[in-house]
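Tertiary structure, described
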Amino acid sequence: MNKYLLSLLLLALLLQGCGGSSSDIPTEPVEPQEYTFLLTAQLTNNCGIKSAFTDVELLLQDDTWQTLNSYKPDENGVISFVTDSEFINYTLVAKNQQGNEAQGLNVVSFFQANSATPSHYQAQFDESLDNTSCECVTQNIELSHRTFDAQTSVTSSLGDVSWTPIDSKTTLLEGIKVCKAIDGNWPLHSFTVSGTDINQKSIVAGGFKDDFSENIDGVWLLTADEVADIVDLVMPHQAFTTSQIIDNSKHFYTDVIEEDESLSIFNAHMHVGRAYYQSQASITFEESSSIFGSSVIKTHQQIISTEAEESFAVKASEKKPAIDDRNFSEIQADGRYDYSAVKGYPMAKIIFTFTTYEPTTKLLMPAKWTFYGPEKGLLAISAPLTGYEEFIDINTDKKSTDVRLIKSMITNNYQDYIKYYQSNDSTDMSNEFVKKLDEVEINIKLH
């Protein structure tokens, strides 16, 4: 045999005997990745100061909504735990109280939430609000403006206001309440008067105020010297509402009807550089009422833009959604639901309000359960709400069911949706997710 071939054969036998195969090399074990889930629960008082909210509990759940563990917040309202699951199901159960209502429960569930996404819960509990850090003043405003033949309406970023014409150039706004942090600045608010001139042409006057220091005579004076521009609308268009959002406050709210060919907008004021135009349109398809209750099916669209004309192009879908409008069978008695027939809406937000009673006192107790999940799945209410079974379960009488199917124009990825609603930052107008949103609404109320 050739000496060279013999050498190769001996070398191969030697390597085999020494375990030279790469498949025999031990591999290092892969350590599981850990994620720290972090949720902050807060209350917000009358002047926007946040404080910790601790009357809340988090139930960590499996895919059938059975409770795996429960967590309560620390003194800062923070719930934190470590998990090796990138996506988790959880339910928040919080005490809730608004206005003169009795104390109740607010329950919120998230399906396959990202465990590494910082989450936020905005609580509502009016009886425990601490407003001692606030300075609030209530006065009238005397609004001076251009000449009107008749004043027909007044709007404000403060909401509904009582008003009375003094003369053609002056309008009195009564009982205006404004609050700020004691060591902070007064917030920016706007006031507008709409009506007609002597030629019966529609006109608008507006003004901003950010100093509400109390005057000796108990009246704030404000000149509505902002000039509204007339913007032509592209015809035809749907009826819609529009506002400017400045520093998370809504200004210059306007209703636009289908017949309007133009719109008066304030787009040259000193704050316009940080303003967003938010417009919303709706179409109603089915509306019914009986002695048992009522139901309605609608579509909505929202457009938020720094450009007014882009926002005014808002248009809700005119195609009737594929909904069972007789039996509303998309939600089954066992908690399974299926809205996949309505194509292209990655998220379902389903809200139940209940007629229930506090187990000890037997007094009527308001309760609400909000569920965030995909277009098809299993509702969190299908399983016992551990520790609260006596308050709410799947058989508790429902006062209403409100379903919102949600579609963002920038993404079809469900994880983008759940991340947005986990963070609960609906005031961020710059978030691309909300720039163009379509919704389908199914609302059922029982008498």
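Everything that follows concerns the structure shown earlier in this document.
Just so it is clear, the structure is predicted and the values come from calculations on it, not from any experiment.

Conventions and cut-offs
Residues numbered from 1 in each chain as written. Predicted model: local features only at pLDDT ≥ 70, side-chain atom pairs only at ≥ 80, totals over all residues. Heavy atoms only, no water. Pairing = 2+ DSSP bridges. Helix = DSSP H or I, 4+ residues; strand = E, 2+ residues; numbered from the N terminus. Axes fitted to C-alpha atoms, helices over the stretch in contact; angles between N-to-C directions. Contact = heavy atoms within 4.5 Å. Salt bridge = Lys/Arg side-chain N within 4 Å of Asp/Glu carboxyl O. Buried < 20%, exposed > 50% of the residue type's maximum accessible area, 1.4 Å probe, protein only. Polar contact = N/O pair within 3.5 Å; in protein donor to acceptor, adjacent residues only side chain to side chain.

1. Quick look at the sheet that holds strand β3 (residues 56-61)
Pairing within the open sheet is mixed, and its 12 strands lie in the order β4-β3-β6-β7-β24-β23-β26-β27-β21-β20-β17-β18. With partners counted over all chains shown, the strands left at the sheet margins are β4 (67-71) and β18 (249-256), one partner each. Each adjacent strand pair in this sheet contributes to an overall mean axis angle of 20°, direction not counted. Pairing analysis gives six bridges linking strand β17 (residues 240-246) to β18, with the strands arranged antiparallel. From the neighbouring strand, isoleucine 246 faces β18, where its bridge partner is serine 249. Contacts from helix α3 (residues 414-423) reach β6 (87-96), β7 (104-114), β23 (347-357), β24 (364-374) and β26 (398-408), with the element oriented near 145° to β7.

2. With respect to the pattern of salt bridges
Taken as a whole and assessed by the stated rule, the structure comprises nine salt bridges. The residue aspartate 325 makes a salt bridge to lysine 320 at a minimum N-O spacing of 2.9 Å. You can call lysine 320 partly exposed: its relative accessible area is 37%. Residue glutamate 441 pairs with arginine 404 through a salt bridge whose shortest N-O separation is 3.5 Å. Residue glutamate 441 is found in strand β27 (residues 436-446), and its partner arginine 404 is found in strand β26; the two are separated by 37 residues along the sequence. According to the relative accessible area criterion, arginine 404 is partly exposed, its value standing at 22%. Here the salt bridges do not stand alone but share partners, grouping Asp402, Arg404, Glu439 and Glu441 into one network.

3. A few points about α3
One turn of an α-helix holds 3.6 residues; hence residues three or four places apart share an orientation. The buried fraction of α3 amounts to seven of the 10 residues, a majority that puts the element mostly inside the structure. Of the positions making up α3, those classed as buried are Tyr414, Gln415, Tyr417, Ile418, Tyr420, Tyr421 and Gln422. Capping the start of α3, asparagine 413 holds a side-chain oxygen 3.0 Å from the backbone nitrogen of glutamine 415, two or three residues further along. Immediately downstream of α3, the backbone of asparagine 424 shows phi near 55°, a positive value.

4. Considering unusual backbone geometry
Here the bond from methionine 235 into proline 236 is cis, since omega is -10°, no more than 30 degrees from zero. Considering the arrangement of structural elements, one finds proline 236 in the loop between β16 (229-232) and β17. Phi is positive for tryptophan 65, close to 70°, though the residue is something other than glycine. Along the polypeptide, tryptophan 65 turns up in the loop between β3 and β4.

5. Some details on the pairing of strand β13 (residues 189-196)
Put simply, side chains in a regular strand alternate between the two faces of the sheet. Along β13, seven of the eight residues are buried, which leaves the element largely enclosed by surrounding structure. The pairing of strand β10 (residues 150-156) with β13 spans six bridges and is antiparallel. Bridging across to β13, alanine 150 finds its partner in threonine 196. As judged from the eight bridges shared by β13 and strand β14 (residues 202-209), these two strands associate in the antiparallel manner. Residue pairing across strands places histidine 189 opposite lysine 209, the latter belonging to β14. The antiparallel pairing of β13 with β14 creates a hairpin that spans five residues between the two strands, and glutamine 200 there sits at a positive phi of about 65°.

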